[in-house]
Amino acid sequence: MLELLTCSEMAAADGRTIAGGTPGIVLMERAGQAVAERVLARASGRLRVAVLCGPGNNGGDGYVVARLLAKSGHDVAVHALVPPDRLRGDAAEAARGWAGAVLPLEGWTADGFDVVVDAIFGAGLARDIAAPVDSVIAAVNESRAHVVAVDVPSGIDGDTGAVRGCAVEADETVTFARRKPGHLLLPGRMHCGRVHVADIGITDATVADLGVRTAANAPGLWSDMLPRPDAAGHKYKRGHLVVASGGPSRTGAARLAARAGLRAGAGLVTVASPPDAVAINAAQLTAVMVRPVDGAEGLADILGDARFNALVLGPALGVGEETRRMVEVAAAAQRHLVLDADALTSFAGNLAGLWQMVTSAVPSGVVLTPHEGEFSRLFGEAEGVAQARSKLERARAAAAASGAVVVLKGPDTVIAAPDGRAAINENAPPWLATAGTGDVLAGIIGGLMAQEMPAFAAACAGVWMHGAAAAAFGPGLIAEDLPEMLPRVWRELLELLFSTGN
Ligand SMILES: NC(=O)C1=CN([C@@H]2O[C@H](COP(=O)(O)OP(=O)(O)OC[C@H]3O[C@@H](n4cnc5c(N)ncnc54)[C@H](O)[C@@H]3O)[C@@H](O)[C@H]2O)[C@@H](O)CC1
Ligand SMILES: Nc1ncnc2c1ncn2[C@@H]1O[C@H](COP(=O)(O)OP(=O)(O)O)[C@@H](O)[C@H]1O
Ligand SMILES: [K+]
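Quick caveat: nothing in here was measured; it's all calculated off a predicted structure. (Residues numbered from 1 in each chain as written. Chains lettered and ligands numbered in written order. Predicted model: local features only at pLDDT ≥ 70, side-chain atom pairs only at ≥ 80, totals over all residues.)

### Quick word on the overall build of the protein chain
- For the protein chain, the count of helices and strands is 18 helices and 17 strands.
- Its C-alpha atoms give the protein chain a radius of gyration of 26 Å, within 12% of the compact-globule value 23 Å for 502 residues.
- By its C-alpha atoms, the protein chain is 80 × 45 × 45 Å across when sized along the principal axes.
- The proportion of buried residues among the 502 residues of the protein chain is 54%.
- Excluding contacts between residues fewer than 6 apart, the proportion of contacts in the protein chain whose partners are at least 24 apart in sequence is 73%. (Helix = DSSP H or I, 4+ residues; strand = E, 2+ residues; numbered from the N terminus. Rg over C-alpha atoms; globule rule 2.2 N^0.38 Å. Buried ≥ 20, exposed ≤ 12 C-beta atoms within 10 Å, placed from the backbone. Contact = placed C-beta atoms within 7 Å.)

### Concerning the site of ligand 2
- Neighbouring ligand 2 are 16 residues; His371, Lys409, Pro411, Ala433 and Gly438 lie closest to it.
- Here the shell around ligand 2 gets four residues from one element, more than from any other, and that element is helix α16 (residues 437-450).
- Its residues assigned to classes, the shell around ligand 2 shows seven nonpolar, seven polar and two charged. (Near = placed C-beta within 6 Å. Nonpolar A, V, L, I, M, F, W, Y, C, P; charged D, E, K, R; others polar.)

### So, helix α11 (residues 321-332)
- For α11, spanning twelve residues, the distance from its first C-alpha to its last is 16 Å, which sits close to the expected 16 Å at 1.5 Å a residue.
- Taken as a whole, α11 has its buried residues at Thr323, Arg324, Met326, Val327, Val329, Ala330 and Ala331.
- Buried residues along α11 sit in contact with β9 (240-244), α10 (295-302), β12 (308-313), β13 (336-339), α12 (341-345) and α13 (351-360).
- Downstream of α11 by one or two residues, Gln334 has phi in the positive range, about 60 degrees. (Expected span 1.5 Å × (residues − 1).)

### Structural notes on the sheet that holds strand β14 (residues 366-368)
- Taken in spatial order, the ten strands make up an open sheet running β8-β17-β16-β15-β14-β13-β12-β9-β10-β11, and their pairing is mixed. Where the open sheet ends on each side, the last strands, each with one partner, are β8 (214-216) and β11 (289-292). Along the sheet, successive strands turn relative to each other by an average axial angle of 20 degrees, direction set aside.
- Across the sheet, α16 is in contact with β9, β12, β13 and β14; its angle to β12 comes to roughly 165 degrees.
- Strands in contact with helix α17 (residues 455-473) are β14, β15 (405-408), β16 (414-416) and β17 (422-424); relative to β15, the strand with the most contacts, it is inclined by about 15 degrees. (Pairing = 2+ DSSP bridges. Axes fitted to C-alpha atoms, helices over the stretch in contact; angles between N-to-C directions.)

### Concerning the sheet that holds strand β6 (residues 172-176)
- Here we have seven strands laid out as an open sheet, ordered β3-β2-β1-β4-β5-β6-β7, and parallel in their pairing. Each edge of the sheet is formed by a strand with only one pairing partner; in this case those strands are β3 (102-104) and β7 (194-198). Within the sheet, the average angular offset between the axes of one strand and its neighbour, ignoring direction, is 25 degrees.
- Strand direction decides the pairing type here: strand β2 (residues 75-80) and β3, joined by three bridges, are parallel.

Read these as geometric descriptors, not functional statements.
Structure below.
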């Protein structure tokens, strides 16, 4: 159930289901039934419900909801953008099932309604909202009624999560078969309220046949690739992660990443420190080791030892030639690589160099973890990025342009692989936006890659564990708290794995 379908993939799934013998009106009945059930779940007495119907099948669903709620004894008013005789196909048929009055949508006011069912536009939204719908949406958003959106809140683009002019702010959204990217990407996610996915008879096989490449980021996506505790294991089997530190006044970021790498399960972690910062690093580290490493040349020396199998480069490392050379040395030495912060900025305007470096690195891949600022410095000019309609498409274009797994961070972090797979994360609480949490993320991913978890899976798992750790800690979090929450996150993940037999 983790697949996220674009509006056109959803239409294809509907089409295939209809071609397979389930009439469209049956799908629409089930869709309307699922929405009506959500409304009824709240009803303690007789409700005054406004059903706002648009000109397409989303409106058709609305007519089904209206009929079912009226049949259950509620007081239902239908307000429609176009008269029922202008509807076509299944929507026309659904409207014929509504025996009550159809009032105009224009000029609708929220007076006295307990519930609003938003069935104006769904997957067929094709342009920005204009008059008269804009003022109706404003009235919905100002009202105190409970708002249930059918499929997507009207005005939200289901593919991109963008607000097309203006959009309904729903309390609940009922969608069908699978969610869409726009339910997870901002600002769409903020407009949906709680999202329910209703089964309307579109089978898993039908969805699988679509070859969908986008998923919600959750353990089901990568749990079978998580490193497992092994009774016969020893620390060298769990990899040795190296995190490069900045100079004497810039050492904290590397230590944060290093501790996170250790908590993520790397067998050993070493901070590679400029010689003049060794004393500072050593004074604050215990389980993590420190080693003097002088720039790219020093790094090349220690990478002569094959046991150092993964590196995190970038947090507070400094922007410039030396950092770029360190990255190139690590890539040439075929190590698993996580590049963050200054390592990314050191390649700004040098996409060709980045591509060359990435493609010379281990086949298991390189993970880049930019926030929006680093992303635009690095990928602003990349093919497909400027034209991309959404954060999802931008991350995907950047992954294709760099050959690396791209983790485009934020409240709706997108993880994209160069082969087109992508995941959207949704478990990060807002208090994760605090200094140093990005360093921790790079360390977690590096720790998983040190244990030989493949790059895309490690990036997805790392982003999820990072969000779960923040959620488990709660508000007031600082970056140092995150690694300390990872044991709890691991315990929950492993319990889940053993309970599902994966
Ligand atoms: N058989 C199916 O395909 C099913 C579809 N279902 C529903 O059908 C919906 C998709 O139906 P449609 O493809 O008809 O699309 P919609 O009903 O979302 O909207 C399409 C209609 O809105 C108009 N429109 C688009 N943007 C507009 C704008 N900004 N201003 C004014 N008019 C605008 C279009 O010209 C078209 O008439 C889904 O969201 C879902 O609710 C469900 O009934 C389940 C089955
Ligand atoms: N509003 C938000 N809600 C949830 N997570 C967020 C939000 N803003 C940022 N984050 C997350 O916080 C982390 C910040 O990373 P980054 O920007 O690199 O900060 P730093 O450099 O201070 O470590 C990322 O994992 C990002 O996804
Ligand atoms: K809608």
